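These are the residues of each chain, in order.
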Amino acid sequence: MKQVKSTNATKKPAPTVYELLPEIKPGQSIELLKELHILTREGKLNQDSRRKLKQVYHLVQFIEPLVKDVQQDHPNVTLVDHGAGKSYLGFILYDLLFKGKGDDAHIYGIETREELVQKSTELAQRLEFPGMSFLNLSVADSTVSRQLPPTIDVVTALHACNTATDDAIDFALKKHAKHIVLVPCCQAEIASVLRKNKGKDLGRSVLTEIWRHPIHTREFGSQITNVLRCLQLEAHGYQVTVTELVGWEHSMKNELIVATYKNLPRKRPAERLQQVLAELGLEEMAPRFYTESAALTD
């Protein structure tokens, strides 16, 4: 009779989702990624989801060192995300950086669409993310809302439309934020002032040729808005860096502004801000791009 050879070979365990999908970070909540529709119900990534995850991770790599910087001082970091939308960024930041880092560590999502606030609130409860809150407020209203603490460590505003980015800067300044992360969106206010004053300014300086044509008015207005934002932050003692969001090729709005409070000298950027406003006939915009009263005399 033929003998059957026995084998002691053990069956290999099935690979985990982290092994199958190297894009997913170790320990990341698979349930969260499915709820955000980044992963399918079968735990797979399609091309659109892979691109979306890449974009969020790209932002996280800028924000993570800022959060860790604050955590060196105290574990209970507070972060406010303005124009949160479906809160992809807020949920992934909480999952990767906030979970278990302090009982009072908290992320606040500010969003004007009530249905998105409700959905995000329900998802945070379902995932047992106690340090997440979502408020149905405009950026401007959140500045004076008692639902938020008097100081905030990190403020983000990604593609907050029109003047909402400026409102987010105002919020950050009044909340004494240590770090500010902005991806500015469309802003037509400066362009409208340039357009309104174009007739009287055209003969004043050759520089007005920069915005003589309507398309240039719009583009230059957007560019100068971000220049003024950076000067305003510097005039409040922040160190500012401006870079491009790699991987956001499909979006024209891919400028990233990161500001960290360093208590730097304020006089020169405050003077430059006033000079730019005066040179371009934008003096009426001074209240929006305000500086500290002492900045011009320090």
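Coordinates for the structure precede this section.
This structure is a prediction, so every number in the text was calculated from the model and none was measured.

Caption draft 1: Region of the structure containing the packing of aromatic side chains. What the rule picks out here adds up to six aromatic pairs. Centre to centre, the rings of Trp-211 and Phe-220 are 5.3 Å apart; their planes meet at 5°, and the pair counts as stacked. For the residue pair Trp-211 and Phe-220, the accessibility class agrees, reading buried in each case. A connected cluster of aromatic rings, assembled from ring pairs, spans Phe-91, Tyr-94, Phe-98, Phe-129 and Phe-134. Sitting over the ring of Tyr-57, Lys-25 keeps its end group 4.5 Å from the ring centre.

Caption draft 2: Up close: helix α10 (residues 267-279). The first and last C-alpha atoms of α10 sit 18 Å apart over 13 residues, in line with the 18 Å expected at 1.5 Å per residue. If you check which residues of α10 are buried, you get Pro-269, Ala-270, Leu-273 and Leu-277. Looking straight down α10, one finds its buried side chains confined to an arc of 105°; they lie on one side. For α10, the elements touching its buried residues are α9 (214-234). Phi turns positive, to about 70°, at Gly-281, one or two residues after α10.

Conventions and cut-offs
Sequence order as written defines residue numbering, which begins from 1 separately in each chain. Side-chain atom pairs in this predicted model are given and counted only at pLDDT of 80 or more, local residue features only at pLDDT of at least 70, and totals for whole chains, interfaces and linings cover all residues. In computing side-chain properties, one takes all heavy atoms of the structure into account and sets aside hydrogens as well as water. Classification of ring pairs rests on two measures: the distance between centres of Phe, Tyr or Trp rings, Trp counted by its six-membered ring, which must be within 6.5 Å, and the angle between planes, read as stacked under 30 degrees, edge-to-face over 60 and tilted in between. Type-normalised accessible area, obtained with a 1.4 Å probe on protein chains alone, sets the label of each residue: buried when under 20%, exposed when over 50%, and partly exposed for intermediate values. Two conditions define a charge located above a ring, namely a distance within 6 Å from the ring centre to NZ of Lys or CZ of Arg, and an angle within 35 degrees of the ring normal. Comment: elements are numbered from the N terminus, with helices defined as DSSP H or I runs of at least four residues and strands as E runs of at least two. By this rule the span expected of a helix is its residue count minus one, scaled by 1.5 Å. Note that the arc is defined by the directions from the helix axis to the C-beta atoms. In what follows, a contact means two residues having at least one pair of non-hydrogen atoms within 4.5 Å.

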